[in-house]
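Architecture and fold: a report
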Amino acid sequence: MIAEVYVDIPASPVDKPFDYQIPEKLSDFVRPGMRVIVPFGRTKRLGFVASLKEESSFGKLKTIERVVDNLPVLTGELLDLGRWLADTTLCPTVSAFLAMLPAVMKAEYHKILTAENTEQLQLRFPRLAQLFLSGKMIEWDVIEKKHPERLKEVNEALDENIISLNRFVGNQANARKVLAVSAAVPRERLIKAAEGLDARSIRQKEVLSFFIESDQQLQLPVSELIKKYHFSRETLGRLVKKSLLKQEFIEQFRDPYVHRPGPPTRPLPLTGEQKQALTPILNSIEKSENRVFLCHGVTGSGKTEIYLQAIQKVIALGKQAIVLVPEISLTPQMVDRFKGRFGAEVAVMHSGLSRGEKYDEWRKIREGLVKVAVGARSAIFAPFERLGLIIIDEEHETSYKQDDSPRYHARDVAIYRAHRHGCPVVLGSATPSLESYARAQKKVYTLLSLKDRFNHHPMPPVEIVDLREEMREGNHSMFSRVLFNKIRDRLKKGEQIVLFLNRRGYSTFVMCRSCGTVIKCPHCDISLTYHHAGRLLKCHYCGYEERAPETCPACGSDSMRYFGTGTQKVETELNRLLPEARVIRMDVDTTRQKGGHEKLLRQFGEQKADILLGTQMIAKGLDFPKVTLVGVLAADSMLHLPDFRASEKTFQLLTQVSGRAGRHDLPGEVVIQSYTPDHYAIVDAAHHDYARFYHEEMQIRHRLGYPPFYFLALINLTHSEPARAADAAERIVSMLKNNLSRSARIYGPVVPAIARIKDRYRYQCMVKYKREPALFPVLRKISLHFQNTGKDGLQLSIDLNPVVLM
DNA sequence: AGCACGCCGACT
DNA sequence: GTCGGCGTGCTC
């Protein structure tokens, strides 16, 4: 038998199956979707078996060296999906395969030097010999990194066969080995040895009788013998030394993920609207219909309960479901809700798990031990074989698009898989993406609307405050008088406040008032943000930090001033103006440690603070009954970013933040501060009017030729030399112009808003198109042509249907 | 991605 | 005359 194998080299010249002979004894065993180790050129690589066949047109076949998996890690469906992903996102097929699997399944490649002739090595290359561990082995990488001056000797020694170079492919998933002890000799000899022991060797005797009484094959990890049976390491060691016991590394699985079982929950009674939305979904599930539903429900309309009851149906039919949520809303409360309803039938994939735990959750799915997978973007690849439903909550979130290769959108993958399985997809959002809503309008998707909040509380009233007017009237603070008074009022009443500002740090830039110099990152074309803790200037793009200078580095004057407002400055101001208010600040800087996010939210929920001040991350999912005021400090902060989706993002964010107020018995209200209070994104969000925003924004998209009217392809070029990047971009534009139809609009090369990131200069080209059969072939040609240009050289990336243009 | 093959400049 | 730069091509 012959296997067609994709080797683990993400480069276009090898992005095709290679034929390998399957060894006789493995011929019944190897199946498509398994990982194998194959010799490739003069190296060894991991590979994926794509298919089997009887004969190869290729003459001299090499043989598969090892099969990694017992059960194929990729099902037939996922193999097809991988090829489809590679086709539609222009990435190498292996990259698509690897993206569908937990990270531990990536191979590790080792190059090991072994001493063949220790004496010769000592004699001829004494200094090199010193590096060899116990005189025998060393990893090539160690020499390359730590002792590069010895590389020449390595090559000589290799030539003279004094040392040899061996490669092996490691597997992180199997790397979890643990030292275990077992009997080294037959039982009779153990008994005899026990009798012959010195009278004082009580402990050794105990260990021996343990092994005499147990199964002779028994292997127990040393850690368990110590912890559970209270033997000591020393005692075990002595018996190993006497060769009565033997030690070896065995593979051990982690303890299965034990979750504190929350209180089980039952289906809640549904409102009329909820029933109306749920019924068609249930029908589709029952009929195995491949339909896409767009569930447009205001914040608090009870979408989650609809999801839960739909999943219940899926499980009842013996099928499985995938639920995608944005990483940020994958909070313990959210997880508990699913665990509470479906108990041990849920696997949860989130970034808080270690790689090993993710692997275990994945295996539960692959082995059919669970029925539901809940997770962020990559959970869309959950290897279920009988999918009955896919749910994408907050479908408009940009995090569903992966921002490096393979640049896939989870929504597209969901629709592909649902088509394959014959099952419905439910997209849920209070603020659907224009793309999805437009499809619903065209009846490609089925629209389900939930206009009422679950508990019939009205949406909170929203007041827009014109900051220009505040300025004119002499208020230069970051709080308008209206907002400030309302904050004071809530503090007095003992109610809680959420303040939102989409900028972290203290000041957004530092400028010298005497010469106008703005301090910039030395590696990126962007100003540095001042952080008060440690008086540091930080780059939010590459992480560069420096001490804030006392005097201007350009002219030496001492008139450095801090401009722009970040969350830290707001916090300081709150403490100064309202010393009695207890403030929790939540942004990347205060939640960096694991679990920091939840800790702060719990404190706020327990009312250990009056004000929750934060960035993006507080916009979603929070539900605190005592919150009666939400303040948006600067609604314009995202509005003027150079991205055609800036208005959409602003509308979505404002709508979400507003949804945090008055969710329970206390009525809430919202104050939005803005310098452009008449902007439709702000006005429509204030009126909770999605339909109106949609119409206004669609007109603009139509006029400017943006999605959903046109498709986009974005080509990014970076190089350490600006001219080289520009040159490549120039050539790419002319290739596009020569190959595409007249109806395709080709833009560029342009320098993006941030012209340089991490010392690499950036250029972009863009294509807007409606139907362009020639596009993919040209893009493939381009990526082939501009690929192998070295490490420090040109880097090219192609993003189809990008979600961020910057 | 590696690695060999191959064709032109600065050294023993 | 050699050592070594990186352009081109191949890996079942």
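None of the values given here were measured: they were computed from a predicted structure.

It is worth spelling out unusual backbone geometry at this point. Excluding glycine, a negative phi dihedral is what most residues carry, and trans is how most peptide bonds are arranged. With an omega of -5°, the peptide bond running from Ser405 to Pro406 counts as cis. Along the chain, the position of Pro406 falls in the loop between strand 17 (387-393) and helix 15 (410-421). Cis geometry is adopted by the peptide bond preceding Pro708, which originates at Pro707 and carries an omega value of 5°. In this model, Ser288 sits at a positive phi of 50°, which is unusual for a non-glycine residue. Among the structural elements, Ser288 can be located in the loop between helix 11 (272-286) and strand 13 (292-297). Ser288 sits in the partly exposed class, given a relative accessible area of 34%.

The next thing to look at is the nonpolar core. In terms of nonpolar packing, the biggest core is built from 90 residues, with Leu74, Ile380, Ile390 and Leu612 touching the most fellow members. If near-sequence neighbours (up to four positions away) are discounted, Ile380 is found in contact with Ile322, Leu324, Ile390, Tyr408, Ala410, Val413, Ala414 and Arg417. Ile285, Cys295, Ile306 and Phe338 belong to the second largest nonpolar core, which has 31 residues in total.

So, about the domain arrangement of chain A. Domain parsing of chain A yields domain 1 (2-106), domain 2 (108-171), domain 3 (177-251), domain 4 (272-450), domain 5 (462-504 + 566-700) and domain 6 (711-800). Inter-centroid distance (C-alpha atoms) of domain 1 to domain 3 is 43 Å.

Another point: the sheet that holds strand 21 (residues 496-500). Reading across the sheet, the six strands line up as 20-30-29-21-28-27 and stay open at both edges, with parallel pairing between neighbours. Since the sheet does not close on itself, it has two edges, and those belong to strand 20 (462-466) and strand 27 (583-586), each with one partner. The mean inter-strand angle of the sheet, taken between neighbouring strand axes irrespective of direction, is 15°. Here strand 29 (residues 627-632) runs beside strand 30 (residues 669-674); their pairing, made up of four bridges, is parallel. Residue pairing in the sheet places Val632 in a bridge with Ile672 of strand 30. Its contacts with the sheet place helix 20 (residues 596-605) against strand 21, strand 27, strand 28 (611-614) and strand 29, and it is angled at close to 155° to strand 27.

Attention shifts here to the side chain of Thr567. By the secondary structure assignment, Thr567 is in helix 19 (residues 567-577). Using a relative accessible area of 0% as the deciding quantity, one classes Thr567 as buried. A polar atom in the side chain of Thr567 sits 2.7 Å from the side chain of Asp587. Non-local contacts of Thr567, meaning those with residues more than four positions away in its chain, are made with Leu501, Arg503, Arg504, Gly505, Arg585, Asp587, Leu613, Gly614 and Thr615.

One way to put it is that helix 7 (residues 187-195) packs onto helix 8 (residues 202-213) with a least axis distance of 10 Å and a crossing angle of 160°. Here helix 7 is positioned roughly antiparallel relative to helix 8, judged by the angle of their axes. Handedness of the crossing formed by helix 7 with helix 8: left-handed. Contacts from Arg187, Leu190, Ile191, Ala193 and Ala194 in helix 7 reach Lys205, Leu208, Phe211, Ile212 and Glu213 in helix 8.

Attention now moves to the UniProt feature "binding site: Zn(2+) 2" (unreviewed entry) in chain A. If you check UniProt for "binding site: Zn(2+) 2" (unreviewed entry), the listed places come out as Cys521, Cys524, Cys539 and Cys542 in our numbering. Over a stretch of 22 residues, the named residues converge on one spot in the fold, their C-alpha atoms separated by at most 8.8 Å. By the secondary structure assignment, Cys524 is in the loop between strand 22 (509-512) and strand 23 (529-531). With relative accessibility at 0%, the residue Cys524 sits in the buried group. In contact with Cys524, other than residues within four places in its own chain, are Cys539, Tyr541, Cys542, Arg756, Ile757 and Lys758. By the element assignment, Cys542 lies in the loop between strand 24 (536-538) and strand 25 (545-547). A relative accessible area of 25% means that Cys542 is categorised as partly exposed. Each residue touching Cys542, except ones within four places of it in the same chain, is listed here: Cys521, His523, Cys524 and Lys758.

Moving on to the side chain of Glu4. By secondary structure assignment, the location of Glu4 is in strand 1 (residues 2-7). Here Lys53 takes part through its side chain, which lies 2.9 Å from a polar atom of the side chain of Glu4. Not counting chain neighbours up to four residues away, the residues in contact with Glu4 comprise Pro17, Phe18, Asp19, Phe48, Val49, Ala50, Ser51 and Lys53.

Turning next to the environment of Lys442. Structurally, Lys442 is set in the loop between helix 16 (434-441) and strand 19 (446-450). On the basis of relative accessible area, Lys442 is assigned to the exposed category, the value being 66%.

Now for the protein's contact with DNA strand B. Every residue close to DNA strand B is listed here: Ile9, Pro10, Ala11, Arg42, Arg45 and Arg167. Arg45 has a polar side-chain atom sitting 3.1 Å from a phosphate oxygen of DNA strand B. Its residues assigned to classes, the surface near DNA strand B shows three nonpolar, no polar and three charged.

So, about the pattern of salt bridges. Applying the stated criterion to the full structure yields 43 salt bridges. The partner of Arg291 in a salt bridge is Glu289, and the shortest N-O contact between them spans 3.6 Å. Measuring nitrogen to oxygen at the nearest pair gives 3.3 Å for the salt bridge that ties Asp684 to Arg692. Classification of Arg692 by relative accessible area gives partly exposed; the value is 46%. One network of salt bridges, with partners in common, ties together Lys486, Asp489, Arg490, Lys493 and Glu669.

This part covers helix 23 (residues 690-704). An ideal rise of 1.5 Å per residue puts 21 Å on 15 residues; helix 23 measures up with 21 Å between its terminal C-alpha atoms. Tucked into the core, helix 23 has its buried residues touching strand 13, helix 16, helix 21 (646-658) and helix 22 (680-686). Where helix 23 ends, the next residue or the one after it, Gly705, has phi of about 70°, a positive value.

What follows concerns the protein's contact with DNA strand C. Contacts to DNA strand C come from Pro13, Val14, Phe18, Asp19, Tyr20, Pro39, Phe40, Gly41, Phe58, Lys60, Leu61 and Lys62. Within the backbone of Asp19, one N or O atom sits 2.5 Å away from a base oxygen of DNA strand C. Here Lys62 contributes a side-chain N or O atom positioned 2.6 Å from a phosphate oxygen of DNA strand C. Among the elements of the structure, strand 2 (18-21) and strand 3 (35-40) are those that each provide at least two residues to the surface near DNA strand C. With three residues, the top contributor of residues to the surface near DNA strand C is strand 2. Of the residues that constitute the surface near DNA strand C, the class distribution is eight nonpolar, one polar and three charged.

Turning our eyes to something else, we now look at the packing of aromatic side chains. Tallying each qualifying case throughout the model produces 22 aromatic pairs. Ring centres 4.8 Å apart and planes at 70° place the aromatic pair Tyr437 and Tyr690 in the edge-to-face group. With Tyr437 in helix 16 and Tyr690 in helix 23, the pair connects residues that are 253 residues apart, well separated along the chain. Overall, the relative accessible area of 10% leaves Tyr437 in the buried class. Each member of the aromatic cluster is reached from another via a ring pair, and the members are Tyr437, Phe651, Tyr680, Tyr690, Phe693 and Tyr694. Arg45 extends its terminal NZ or CZ atom over the ring of Tyr109, reaching a point 4.0 Å from the ring centre. Over the ring of Tyr706 we find Lys768; its NZ or CZ atom is 4.0 Å from the centre of that ring.

The subject of this paragraph is the UniProt feature "domain: Helicase ATP-binding" (unreviewed entry) in chain A. Listed under "domain: Helicase ATP-binding" (unreviewed entry) in the UniProt record, and renumbered for this structure, are residues 284-450. Structurally, residues 284-450 comprises 36% helix and 22% strand, and the distance from its first C-alpha atom to its last is 19 Å.

It is a general feature of regular strands that their side chains alternate between the two faces of the sheet. Summarising burial for strand 30: six of the six residues are buried, a large majority. The two faces of strand 30 match: Glu669, Val671 and Gln673 on one face and Val670, Ile672 and Ser674 on the other face are all buried. Viewed along the sheet, the connection from strand 29 through helix 21 into strand 30 turns out right-handed.

Cut-offs used in this document
- Residues numbered from 1 in each chain as written.
- Chains lettered and ligands numbered in written order.
- Predicted model: local features only at pLDDT ≥ 70, side-chain atom pairs only at ≥ 80, totals over all residues.
- Heavy atoms only, no water.
- Helix = DSSP H or I, 4+ residues; strand = E, 2+ residues; numbered from the N terminus.
- Buried < 20%, exposed > 50% of the residue type's maximum accessible area, 1.4 Å probe, protein only.
- Core = buried A, V, L, I, M, F, W, Y, C linked by side-chain atoms within 4.5 Å.
- Contact = heavy atoms within 4.5 Å.
- Domains from an automatic or database assignment.
- Pairing = 2+ DSSP bridges.
- Axes fitted to C-alpha atoms, helices over the stretch in contact; angles between N-to-C directions.
- Polar contact = N/O pair within 3.5 Å; in protein donor to acceptor, adjacent residues only side chain to side chain.
- Parallel < 35°, antiparallel > 145°, perpendicular 65-115°, else oblique.
- Left-handed = near helix turned anticlockwise from the far one by under 90°.
- UniProt positions renumbered as here; feature names shortened; annotations may be inferred.
- Near = heavy atom within 4 Å.
- Nonpolar A, V, L, I, M, F, W, Y, C, P; charged D, E, K, R; others polar.
- Salt bridge = Lys/Arg side-chain N within 4 Å of Asp/Glu carboxyl O.
- Expected span 1.5 Å × (residues − 1).
- Phe/Tyr/Trp six-rings, centres within 6.5 Å; stacked < 30°, edge-to-face > 60°.
- Lys NZ or Arg CZ within 6 Å of the ring centre and 35° of its normal.
- Right-handed = clockwise from strand over helix to strand, strands pointing away.

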